[in-house]
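Each chain, written out:
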Amino acid sequence: MAKDKFRIDSHKLIFHPRRVADYLEGKNVYPIYMEISPVGSCNHRCIFCSVDFIGYQSRRLETGVLLDRLDELGRLGLKSVMYAGEGEPFLHKDMALIAQRSKAAGIDVAFTTNGVLMKPEIAEKVLPVTEWIKVSCNAGTPEAYEKIHGTKAEDFETVIENFKVANELRKKNNWSCTLGFQIVMLPMNVDNVVPLAERAREIGMDYLVVKPYMPHRDNAHHFEINYESLESVEKELERLNSDSFSVIYRAKAMQKWDRQEKTYDKCLALPFWSYIDAGGKVWGCSVYLEDENFLYGDIYEQTFEEIWEGEKRRKSLEYVKENLDISNCKYCCRMDEINRYLWDLKIPPEHVNFI
């Protein structure tokens with residue numbers, strides 16, 4: 001397959017050696033990366049949604065408070081923010097303003113979205129200040145899209161048209177924002193992966209990510225799928241790779257799903273990232289939303305610095321170190337590769353000095 005130049009199936013903590021060195025010396029490091037959920041509601045009901053257990057709550061972050069926290073986070077050394085979370089980010093009426101303020105604070109901006117609401121007038125505002133936008137599009141035809149996304153079939157072509165125009169806008173204005181699609185490969189959409197890749201390439205997207213199903217322990221849904229048996233799909237996708245388009249087939253993550261094994265005993269990655277939900281609460285891990293053991297604080301009640309330096313976070317990290325059973329975590333969690341890396345640094349194998 002084409003090279004995964006964005007390291008989507010790996011990790012990027014290796015590019016932050018100073019922060020890692022501070023962590024290894026026992027210092028209280030601030031996050032490099034954060035996920036923020038601007039709203040709790042969503043205009044789709046995807047059958048595989050990993051946060052549906054929260055209940056699509058009708059809540060949204062107050063713009064003024066979030067803007068103040070973004071300025072603070074920039075000063076504290078946050079490098080990047082992805083707007084996604086438990087809802088569809090573009091349901092927030094001030095999403096473009098929030099993206100612009102994030103960039104002004106020195107924070108790189110990204111989105112994961114279903115793309116239906118990213119109309120040209122929104123694209124013109126967010127593309128100049130955004131590093132990448134990844135569209136969750138989990139079917140290659142309107143009929144399959146309707147069933148998998150739990151929405152109307154015509155939303156599929158709306159997404160295709162929105163991002164065709166977004167590509168035209170970035171070319172016209174020489175904006176550098178990377179645009180890509182992503183599909184969660186499920187038993188019912190395996191035959192849609194290639195058609196989606198073809199459509200994504202046709203409208204000028206930079207890539208299509210093909211990733212495994214990653215359910216949460218509290219989800220009502222569970223699909224059985226063996227990715228090793230689907231190697232023919234990976235081979236069929238190879239013909240679509242070009243100098244301007246890549247299919248990033250997440251084989252490493254799929255192997256983790258099939259084998260369901262970890263190479264570390266403790267989660268070490270939490271100091272490097274955090275999550276703010278649509279109610280303003282700051283969490284140590286998005287897999288454990290609503291578990292008080294992972295709640296650090298509330299941006300409506302404290303500054304982020306007070307939260308990050310606070311007693312709740314200290315107790316949470318202690319709980320993770322002493323009591324967390326990582327067998328309850330996702331096998332393909334976002335921090336898995338970082339945990340593997342940090343585990344080797346903290347507990348190195350023999351003969352490491354023979355470089």
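Look up a bit, the structure's there.
Everything numeric here is computed off the predicted structure, so don't read it as measured data.

Visitor: How should the overall build of the protein be read in this particular structure?
Guide: Each helix and strand in the protein was counted, giving 12 helices and 10 strands. In terms of overall size, the protein behaves like a compact globule, its C-alpha atoms giving a radius of gyration of 20 Å where 355 residues would be expected to give roughly 20 Å. Projected onto its principal axes, the C-alpha coordinates of the protein cover approximately 50 × 50 × 40 Å. For the protein, the share of sequence-separated contacts (at least 6 apart) that also reach a separation of at least 24 residues comes to 75%. In the protein, the 47 positive side-chain charges and the 56 negative ones have mean positions that sit 3 Å from each other.

Visitor: Sorry if this is basic, but what is going on with the packing of aromatic side chains here?
Guide: We describe a pair of aromatic rings using the distance from one ring centre to the other and the angle between the two ring planes. By the definition in use, this model includes 14 aromatic pairs. Grouped by ring-pair contacts, the aromatic residues Tyr30, Tyr296, Phe304 and Trp308 constitute a single cluster. Here the guanidinium or amino end of arginine 45 rests over the ring plane of tyrosine 56, the centre of that ring lying 3.9 Å away. Geometry around tryptophan 132 places lysine 134 over its ring, the cationic atom sitting 5.0 Å from the centre.

Visitor: Got a minute to help me understand the side chain of lysine 134 in this structure?
Guide: Examined against the element boundaries, lysine 134 turns out to sit in strand 4 (residues 132–136). In this structure, lysine 134 is buried with no salt-bridge partner, the nearest side chain bearing the opposite charge being aspartate 4 at 8.7 Å. Not counting chain neighbours up to four residues away, the residues in contact with lysine 134 comprise Phe111, Thr112, Thr113, Gly180, Gln182 and Tyr207.

Visitor: Help me out: how do you make sense of the state of the cysteines in this one?
Guide: Any covalent bond linking the sulfur atoms of two cysteines counts as a disulfide. Taken as a whole and judged by the stated rule, the model has zero disulfides. Unpaired in this structure, cysteine 329 has its nearest cysteine sulfur neighbour in cysteine 267, at a distance of 6.3 Å. Overall, the relative accessible area of 15% leaves cysteine 329 in the buried class. There is no disulfide at cysteine 333, and the cysteine sulfur nearest it, in cysteine 285, is 6.4 Å away.

Visitor: What is the right way to read the pattern of salt bridges from this model?
Guide: Counting across every chain of the model gives 20 salt bridges. Aspartate 206 is paired through a salt bridge with arginine 170; the nearest N and O atoms lie 2.7 Å apart. Of this pair, aspartate 206 sits in the loop between helix 7 (193–202) and strand 6 (207–212) while arginine 170 sits in helix 6 (residues 155–173), and the two are 36 residues apart along the sequence. The class for aspartate 206 is partly exposed, based on a relative accessible area of 21%. According to the relative accessible area criterion, arginine 170 is buried, its value standing at 10%. Note that lysine 256 and glutamate 337 form a salt bridge whose closest N and O atoms lie 2.6 Å from each other. Here the residue lysine 256 occupies a position in helix 9 (residues 251–259), and glutamate 337 occupies one in helix 12 (residues 336–346), the gap between them amounting to 81 residues. Across the pair, glutamate 337 and lysine 256 agree in class, each one buried. Salt bridges here are not isolated pairs; linked through shared partners, they connect Lys252, Lys256, Asp336, Glu337 and Arg340.

Visitor: Would you take a moment to explain the nonpolar core for this structure?
Guide: Buried together is how nonpolar side chains tend to be arranged in soluble globular proteins. Of all hydrophobic cores here, the largest spans 120 residues; its most connected members are Phe163, Phe181, Val210 and Leu237. Looking at this core, the element that brings in the most residues is helix 6, giving seven residues. Discounting residues that sit within four places of it in the chain, valine 210 has contacts with Ile183, Met185, Val193, Leu237, Val247, Ile248, Tyr249, Arg250 and Met254.

Visitor: When you look at helix 6 in this model, what are you seeing that I'm missing?
Guide: Along an α-helix, a turn takes 3.6 residues, which lines up residues three or four apart on a common side. The end-to-end C-alpha distance of helix 6, which contains 19 residues, comes to 27 Å, matching closely the 27 Å that a straight helix rising 1.5 Å per residue would cover. Looking at helix 6, one finds that the buried residues are Asp155, Phe156, Val159, Ile160, Asn162, Phe163, Val165, Ala166, Asn167, Leu169 and Arg170. As for helix 6, its buried residues are in contact with strand 3 (108–113), helix 4 (120–126), strand 4, helix 5 (142–149), strand 5 (178–185) and helix 7.

Visitor: Would you mind going over the sheet that holds strand 6 with me for this structure?
Guide: Strand pairing in a sheet is mediated by backbone hydrogen bonds. Such pairs are either parallel or antiparallel. One open sheet holds the 10 strands; their spatial order is 7-6-5-4-3-2-1-8-9-10, and the pairing between them is mixed. The open sheet has two edge strands with one neighbour each: strand 7 (246–249) and strand 10 (295–298). Taken pair by pair, the neighbouring strands of this sheet meet at an average axis angle of 20 degrees, ignoring direction.

Visitor: Mind showing me how you'd approach the pairing of strand 5 here?
Guide: Side-chain direction in a regular strand flips from residue to residue, so the side chains alternate between the two faces of the sheet. Counted residue by residue, strand 5 has eight buried out of eight residues, so it is predominantly covered. Every second residue of strand 5 is oriented toward a common face, with Thr178, Gly180, Gln182 and Val184 on one face and Leu179, Phe181, Ile183 and Met185 on the other, all of them buried. Of the strand pairs in this sheet, strand 4 and strand 5 are connected by five bridges, and their pairing is parallel. Paired with tryptophan 132 across the two strands is threonine 178, which belongs to strand 5. Alignment of strand 5 against strand 6, held across six bridges, turns out to be parallel.

What counts, and at which threshold
- Each residue is numbered by its place in its chain's sequence as written, counting from 1.
- Local features are withheld for residues below a pLDDT of 70 in this predicted model, meaning they are given only at 70 or higher, and side-chain atom pairs are given and counted only at 80 or more; totals for whole chains, interfaces and linings count all residues.
- Computation of side-chain values covers all heavy atoms of the structure but excludes hydrogens and water.
- Only runs of H or I of at least four residues qualify as helices and only runs of E of at least two qualify as strands under DSSP, and these elements are numbered from the N terminus.
- Computation of the radius of gyration draws on C-alpha atoms, with the globule rule given as 2.2 Å multiplied by the number of residues to the power 0.38.
- Should any heavy atoms of two residues lie within 4.5 Å, those residues are considered in contact.
- Positive charges come from Lys and Arg alone, negative charges from Asp and Glu alone, with His and the N- and C-terminal ends not counted.
- Here the site of a charge means NZ on Lys, CZ on Arg, CG on Asp, or CD on Glu.
- Pairing of aromatic side chains here covers Phe, Tyr and the six-membered ring of Trp, requires ring centres within 6.5 Å, and sorts the geometry by plane angle: under 30 degrees stacked, over 60 edge-to-face, intermediate tilted.
- Only when the NZ of Lys or the CZ of Arg is both within 6 Å of the ring centre and within 35 degrees of the ring normal is a charge said to sit over the ring.
- Each residue is placed in one exposure class: buried if its accessible area under a 1.4 Å probe, protein chains only, is under 20% of its type's maximum, exposed if it is over 50%, and partly exposed if it falls in between.
- Salt bridge, as applied in this entry: a Lys or Arg side-chain nitrogen positioned within 4 Å of an Asp or Glu carboxyl oxygen.
- Throughout, disulfides are identified as pairs of cysteine sulfur atoms within 2.5 Å of each other.
- To form a nonpolar core, buried Ala, Val, Leu, Ile, Met, Phe, Trp, Tyr and Cys residues must be joined to one another through side-chain atoms within 4.5 Å.
- One less than the residue count of a helix, multiplied by 1.5 Å, gives the span that helix is expected to have.
- When DSSP locates at least two bridges between a pair of strands, those strands are taken to pair.
- Each axis is a line fitted through C-alpha atoms, taken for helices only over the stretch in contact, and angles between the N-to-C directions span 0 to 180 degrees.

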